Amino acid sequence: MATYDLLELELHAPLSYRGLENPPLAGLPLEGSILLPAEGGALLPFALGAGLAEGEEELIAYEAEALVAFDPDEGPRLARPLPAAAFYGRSSGGACPGCAARSMGEPPEPRPAPAGGVELGLPVGRYLFLQFRPADHEGLAEGIEWFAREAWWEGKRAEGPYFLRRVKEDHKLATQILRRVRPQD
């Protein structure tokens, strides 16, 4: 089993992604391609996962209730197979208008973007965070479930969707899991 560290990340600048709600993906592919709206309205193929170019990043959002079920005896358990994603997008670069103005308790929401897609922004704020490099689907599932269980075990209060951000760095694919820290009451 891999070694993981559950961290808290303070996101100081919003991250913005353009893509599709309810993308036609089965589970979370480690490679392949997806058609996304491009400038001018055309659909173009974009590489997934291992096919990302150096420095490229993608974001996949899952509704919390669909991805992780809570078992009163066992705690959080990952849905297997992975459910359909709520959003898939690629980094749109630059600012995410309106993201910085969202309150800490307001979850990020998709909004219309140019060329028929949607834009999803991760606003400034605190997130639970894990980065790892799964070698296969089982390693990916193990990491997601560990993240959910460890957050529960440590009593971390999180809300909203689970975000899986994949970035190609040093010619390797890094997978990050983020979930918004719930503000104190």
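Before reading on, note that the structure itself is shown above.
Residues numbered from 1 in each chain as written. Predicted model: local features only at pLDDT ≥ 70, side-chain atom pairs only at ≥ 80, totals over all residues. Heavy atoms only, no water.

Asker: Summarise the overall build of the protein; cite the residues concerned and give the values.
Answerer: Looking only at helices and strands, the protein has two helices and 13 strands in total. Per-residue burial for the protein yields a buried fraction of 48% across its 185 residues. Summing over all exposed atoms, the protein offers an accessible surface of approximately 9,300 Å²; the carbon and sulfur share of this is 54%. (Helix = DSSP H or I, 4+ residues; strand = E, 2+ residues; numbered from the N terminus. Buried < 20%, exposed > 50% of the residue type's maximum accessible area, 1.4 Å probe, protein only. Areas by Shrake-Rupley, 256 points an atom, 1.4 Å probe, with all protein chains shown as cover.)

Asker: Please give an account of the pairing of strand E8 (residues 87–91) that cites residues and values.
Answerer: Across the five residues that make up E8, a large majority, four, are buried. With four bridges joining them, strand E5 (residues 57–62) and E8 adopt antiparallel strand pairing. Bridged to Ala 61 within E8 is Phe 87. (Pairing = 2+ DSSP bridges.)

Asker: Give me the environment of Ala 174: which residues, what numbers.
Answerer: Position of Ala 174 among the secondary structure elements: in strand E13 (residues 172–181). Residues Ala 174 and Gly 49, spaced 125 residues apart in sequence, show a C-alpha to C-alpha distance of 9.2 Å. Discounting chain neighbours no more than four positions away, the residues touching Ala 174 are Gln 131, Phe 132, Arg 133, Arg 165, Arg 166, Val 167 and Glu 169. (Contact = heavy atoms within 4.5 Å.)

Asker: Quick one: what's the story with the packing of aromatic side chains, residue by residue and with numbers?
Answerer: Applying the stated rule across the entire model yields five aromatic pairs. Their ring planes at 90° and their centres at 5.6 Å tell us that Tyr 4 and Phe 132 sit as a pair that is edge-to-face. Pair noted here: Tyr 4 is in the segment before strand E1 (7–11) and Phe 132 is in strand E11 (residues 125–132), with a separation of 128 residues, a long-range link. Here the aromatic rings of Phe 147 and Tyr 162 are separated by 6.1 Å at their centres, their planes lie at 70°, and the arrangement is edge-to-face. Residue Phe 147 is found in helix H2 (residues 137–153), and its partner Tyr 162 is found in strand E12 (residues 158–169); the two are separated by 15 residues along the sequence. Tyr 162 shares its class with Phe 147; the two are buried. One aromatic cluster is present, built from ring pairs that chain together Tyr 4, Phe 132 and Trp 146. (Phe/Tyr/Trp six-rings, centres within 6.5 Å; stacked < 30°, edge-to-face > 60°.)

Asker: Which residues make up the pattern of salt bridges, and what values do they have?
Answerer: Taken as a whole and assessed by the stated rule, the structure comprises 11 salt bridges. Between Arg 77 and Glu 74 there is a salt bridge whose closest N-O contact spans 3.0 Å. Classification of Arg 77 as partly exposed rests on a relative accessible area of 30%. Note on Glu 74: relative accessible area 39%, which makes it partly exposed. For Arg 133, the salt bridge is made with Glu 169, and the minimal N-O distance between the two is 3.4 Å. Here Arg 133 is found in the loop between E11 and H2, whereas its partner Glu 169 is found in strand E12, with 36 residues between them in sequence. For Glu 169, a relative accessible area of 26% puts it in the partly exposed group. Residues joined by salt bridges that share partners form a network here, namely Glu 8, Glu 10, Arg 126 and Lys 156. (Salt bridge = Lys/Arg side-chain N within 4 Å of Asp/Glu carboxyl O.)

Asker: Please provide a residue-by-residue account of the side chain of Glu 119, values included.
Answerer: Position of Glu 119 relative to the elements: it lies in strand E10 (residues 118–122). Reaching out from Glu 119, the side chain makes a polar contact with the side chain of Ser 16 at a distance of 2.7 Å. A polar atom in the side chain of Glu 119 sits 3.4 Å from the side chain of Arg 18. (Polar contact = N/O pair within 3.5 Å; in protein donor to acceptor, adjacent residues only side chain to side chain.)

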